[in-house]
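Chains, contacts and geometry: an overview
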Amino acid sequence: MIEVTNVTKTFGSGADAFTALKEVSVTIRQNEFFTLLGPSGCGKTTLLRTIAGFIDPTSGSLSLEGRDILGDPPYLRPVNTVFQNYALFPHMTVAQNVGFGLEMLDKPRSEVQATVREMLELVKMTQLADRQTSEISGGQQQRVALARALAPKPKVLLLDEPLSALDFKLRKEMQIELKRLQSETGITFVFVTHDQEEALTMSDRIAVMNEGRILQIGGPRDIYDHPAERFVADFIGDTNFVEGTIRAIDGEAAEVELPSGKTVASRRQEGGPQAGAVTIAVRPEHATLQAGEGLLSGTLSNIVYFGTDTHYHITLDDGHAFVIRRQNQPDARESYAVGDAVGVSFAPGVAQVLRD
Amino acid sequence: MAKSRGFDIRHQRGFTPIALLCFVLLYMPIIILVVYSFNAGQSIAIWEGFSLRWYQAAWENEQVQDATIRSLVVAGAASFIATSAAVLAALATTRTPPYRGSTFVFAMINQPLMVPEIVTAVALLIFFAMIKVATGYTGLWYLILAHSAFCIPFAYMPIRARLQGMDLSLEQAGADLYGTPWRVFRKITLPQLWPGVLAGAMLAFVISLDDVVITEFVKSAGQDTLPTYMLGQLRRVITPEVNAISTVLLAISVILVMAFFVLSRSKK
Ligand SMILES: Nc1ncnc2c1ncn2[C@@H]1O[C@H](COP(=O)(O)OP(=O)(O)OP(=O)(O)O)[C@@H](O)[C@H]1O
Ligand SMILES: [Mg+2]
């Protein structure tokens, strides 16, 4: 278990000072596939390197399994990293790279050899054990980097966008392979990405970051269905934003009055807004289209056919845009036409009250 | 090929003749020196036919033998000391977080390049004289230490360049994989630093081999190196023997400098 508590990191000083992490707190559980997700420059790498020991935080604390490890240099932390650029040692073979950590731990030679063999098998690189690292492909380098980091059986594996350099197909394969490795080894993975789809498909839990802060932590479904902030809703998937006014709250439930004057039961986050004007978020596939009146009404401005689904672009009566996404059925005829007056509805509890 | 539109100095009128003239002025005297080292006669200016007699003469000259060995010992030892110090200096100036006064340290390391050699020579003469009086020691170490000192910046430059070009994440990966700083240095930094270290050592060797001014001031009686021996000869009769010695020195320097370029270019 990793506990990051109120970690702040400021680079530079005076006028050049830049705070890359602002009061970041997060608890990463044992055997978890935990993902740090956020746009470029939001501080993901900085947080990862703080855990690895390459960056000293300006303030805050960091513990691993209850022990404070902030004072430990990187080589004393039972944490291994898969670097963004792999950082394979160019003067060593694939097998020597994989065995490096064990050698530094002064394991007996027989154990080193056995573990190297096991690890190479795990990442399917046995054939290329004696190759120079410059003589293997990008995907293979990535697997070697993974094997090298896994070989000393660390408590935590840190992965900094390890898949970003790979092409689409290899990337899909490696995503599955990473998941497999994580469940087979039972090691806690802390995975960094700025690809929301990758985060949703692979993670047990996701922390969404922006500008040095963690905005929300939760399971993929939780983050997707119940974004707490406008940034989270916007960054992950597509979302419709609707202005409204809170009329009543009861725990996680909120009655929100829409611009049309109708009210809808929405979901709010604990600590979120309690009254007044708010923004609610509705996923395009969570709303339904109907002829005539709905919770909101407007005019169909565009219909875009995507094969698996169809997107209906609606201009609401107050001028805002709204998109509905509908799964296509076999033989279904398009029953709407551009210019139709339509209604937009969503079930109680679907709309999410945002904190912003 | 498309016509190049940018300013290209090679296309300016008069460039080619000036360039040729420069090369001639630079290399003509050296070529003449090399040619006359093979002269059969006594003169360094009148050609009397080809012979290797002056090479043989130099080879059999005990003073030359003596000076050659001393030159090699001093250059070898000085290049070893200077290179070791340069490795440490390069690590301290590239592998530490920025600190106050790092520019000053950098300038101090390169200081021997800026201070006029004659000033260093006189300073060392006085300084070593004081030590000689105090200790009575008159051996070769004064020369070795003096050479080490002025060779450091030459050894430092290629090593520092190599270190700066190296991927820092490799050393971090080493530390991440439980390597202590010393083991990371030995297993990861040093193997990749070798070409730089060798290049630095060779450069230092050539610079030491070549030095006249500081050596002339620092050496005790009877401690001639090849260059100071030759300087002494020039004050008497000049024979092509000096040309022969110079040609051999030139050959050694050219080989080492060429090796230096090959090494500092190799990326792996
Ligand atoms: N050593 C440093 N000195 C000054 N600023 C830094 C330093 N390292 C990082 N930063 C700044 O801190 C911010 C966060 O950097 P970080 O590398 O953590 O981003 P990231 O989320 O990993 O981005 P990316 O997805 O592009 O890798 C950036 O704005 C970066 O410019
Ligand atoms: Mg990054």
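First, a word on what this report is: a plain description of the structure on this page. (Residues numbered from 1 in each chain as written. Chains lettered and ligands numbered in written order. Predicted model: local features only at pLDDT ≥ 70, side-chain atom pairs only at ≥ 80, totals over all residues. Heavy atoms only, no water.)

**Brief notes about the overall build of chain B**
Looking only at helices and strands, chain B has 11 helices and 0 strands in total. Along chain B, helices and strands appear, N-terminal first, in the series α-α-α-α-α-α-α-α-α-α-α. Overall, the C-alpha framework of chain B stretches about 70 × 70 × 30 Å when taken along its three principal axes. Looking at the 268 residues of chain B, the share that counts as buried comes to 40%. Nonlocal contacts in chain B, meaning residues at least 24 apart in sequence, comprise 71% of its contacts between residues at least 6 apart. (Helix = DSSP H or I, 4+ residues; strand = E, 2+ residues; numbered from the N terminus. Buried < 20%, exposed > 50% of the residue type's maximum accessible area, 1.4 Å probe, protein only. Contact = heavy atoms within 4.5 Å.)

**Structural notes on helix 7 (residues 168-176) of chain B**
Of all the 9 residues making up helix 7 of chain B, 8 are buried; the element is thus mostly covered by neighbouring parts of the structure. Considered for burial, the residues of helix 7 of chain B that qualify are B:Ser169, B:Leu170, B:Glu171, B:Gln172, B:Ala173, B:Gly174, B:Ala175 and B:Asp176. Summarising the contacts, the buried residues of helix 7 of chain B are in contact with helix 1 (44-52), strand 6 (79-82), helix 2 (94-104) and helix 4 (138-150) of chain A together with helix 8 (181-210) of chain B. Positive phi appears at B:Tyr178, one or two residues downstream of helix 7 of chain B, with a value of about 70°.

**Details of the environment of A:Gln327**
All names here are of chain A. Relative to the helices and strands, Gln-327 resides in strand 18 (residues 321-327). Along the primary structure Gln-327 and Val-278 are separated by 49 residues, whereas in three dimensions their C-alpha atoms are 30 Å apart. In contact with Gln-327, other than residues within four places in its own chain, are Thr-308 and Asp-309.

**Overview of the interface of chain A and chain B**
Contacts between the two partners involve 29 residues from chain A and, on the opposite side, 19 residues from chain B. Salt-bridge contacts for B:Arg183 lead to A:Asp106; the nearest nitrogen and oxygen are separated by 3.0 Å. Listed by contribution, the elements that provide at least two residues to the side of chain A that touches chain B are helix 1, strand 6, helix 2 and helix 4 of chain A. Ranked by residue count, the leading element in the side of chain A that touches chain B is helix 2 of chain A, at 4 residues. Partitioning the side of chain A that touches chain B into residue classes produces 18 nonpolar, 6 polar and 5 charged. (Salt bridge = Lys/Arg side-chain N within 4 Å of Asp/Glu carboxyl O. Nonpolar A, V, L, I, M, F, W, Y, C, P; charged D, E, K, R; others polar.)

**Let's talk about a negative patch on the surface**
Taken together, the side chains of A:Glu243, A:Asp317, A:Asp318 and A:Asp356 define an acidic patch exposed on the protein surface. Here A:Asp356 is to be found in the segment after strand 20 (352-353). (Patch = residues over 30% accessible without salt bridge, like charges linked within 9 Å, V, L, I, M, F, W, Y side chains within 5 Å. Areas by Shrake-Rupley, 256 points an atom, 1.4 Å probe, with all protein chains shown as cover. Lys, Arg positive; Asp, Glu negative; His and termini not counted. Charge placed at Lys NZ, Arg CZ, Asp CG, Glu CD.)

**What about the pattern of salt bridges?**
All names here are of chain A. A complete count under the given rule lists 22 salt bridges over all chains for this structure. Among the ionic pairs, Glu-252 bridges to Arg-267, the shortest N-O distance being 3.0 Å. Of the two residues, Glu-252 sits in the loop between strand 11 (240-250) and strand 12 (253-257) while Arg-267 sits in strand 13 (residues 263-268), which places them 15 residues apart along the sequence. The partly exposed category is assigned to Glu-252, whose relative accessible area is 40%. One salt bridge in this structure joins Glu-285 and Arg-325, with 3.9 Å as the shortest N-O distance. Of this pair, Glu-285 sits in the loop between strand 14 (276-282) and strand 15 (287-291) while Arg-325 sits in strand 18; the two residues are 40 residues apart in sequence, bridging distant segments of the chain. In this structure Arg-325 comes out as partly exposed when scored by relative accessible area, which is 22%. Beyond isolated ion pairs, a larger network of salt bridges with shared partners links Arg-29, Glu-32 and Arg-205.

**Section: the site of ligand 1**
All names here are of chain A. Around ligand 1, the structure places Phe-11, Phe-18, Ala-20, Ser-40, Gly-41, Cys-42, Gly-43, Lys-44, Thr-45, Thr-46, Glu-161 and His-194. At 2.5 Å from an oxygen atom of ligand 1 is found a side-chain nitrogen or oxygen belonging to Ser-40. Take Thr-46: an N or O atom from its side chain is 2.5 Å from an oxygen atom of ligand 1. Elements represented by at least two residues in the shell around ligand 1 include exactly strand 2 (18-28) and helix 1. Among the elements that line the shell around ligand 1, the one with the most residues is helix 1, at 3 residues. Here the residues of the shell around ligand 1 sort into 4 nonpolar, 6 polar and 2 charged. (Near = heavy atom within 4 Å. Polar contact = N/O pair within 3.5 Å; in protein donor to acceptor, adjacent residues only side chain to side chain.)

**So, the nonpolar core**
Judged by nonpolar contacts, the single largest core of 39 residues is most densely connected at A:Ile2, A:Val4, A:Leu36, A:Phe89, A:Leu158 and A:Val190. Apart from residues lying up to four places away in sequence, A:Phe89 is in contact with A:Asn97, A:Phe100, A:Thr133, A:Arg148, B:Leu170, B:Ala173, B:Gly174, B:Leu177 and B:Ile188. Counting 35 residues, the second largest nonpolar core, distinct from the first, contains A:Leu102, A:Ile136, A:Leu178 and A:Leu181. (Core = buried A, V, L, I, M, F, W, Y, C linked by side-chain atoms within 4.5 Å.)

**With respect to the side chain of B:Ser37**
Residue and element names in this part refer to chain B. As for its position among the elements, Ser-37 is in the loop between helix 1 (15-36) and helix 2 (53-60). Within the structure, the side chain of Ser-37 is placed 2.8 Å from the side chain of Tyr-55, a separation counted as a polar contact. Not counting chain neighbours up to four residues away, the residues in contact with Ser-37 comprise Ser-51, Trp-54, Tyr-55, Pro-240, Asn-243, Ala-244 and Thr-247.

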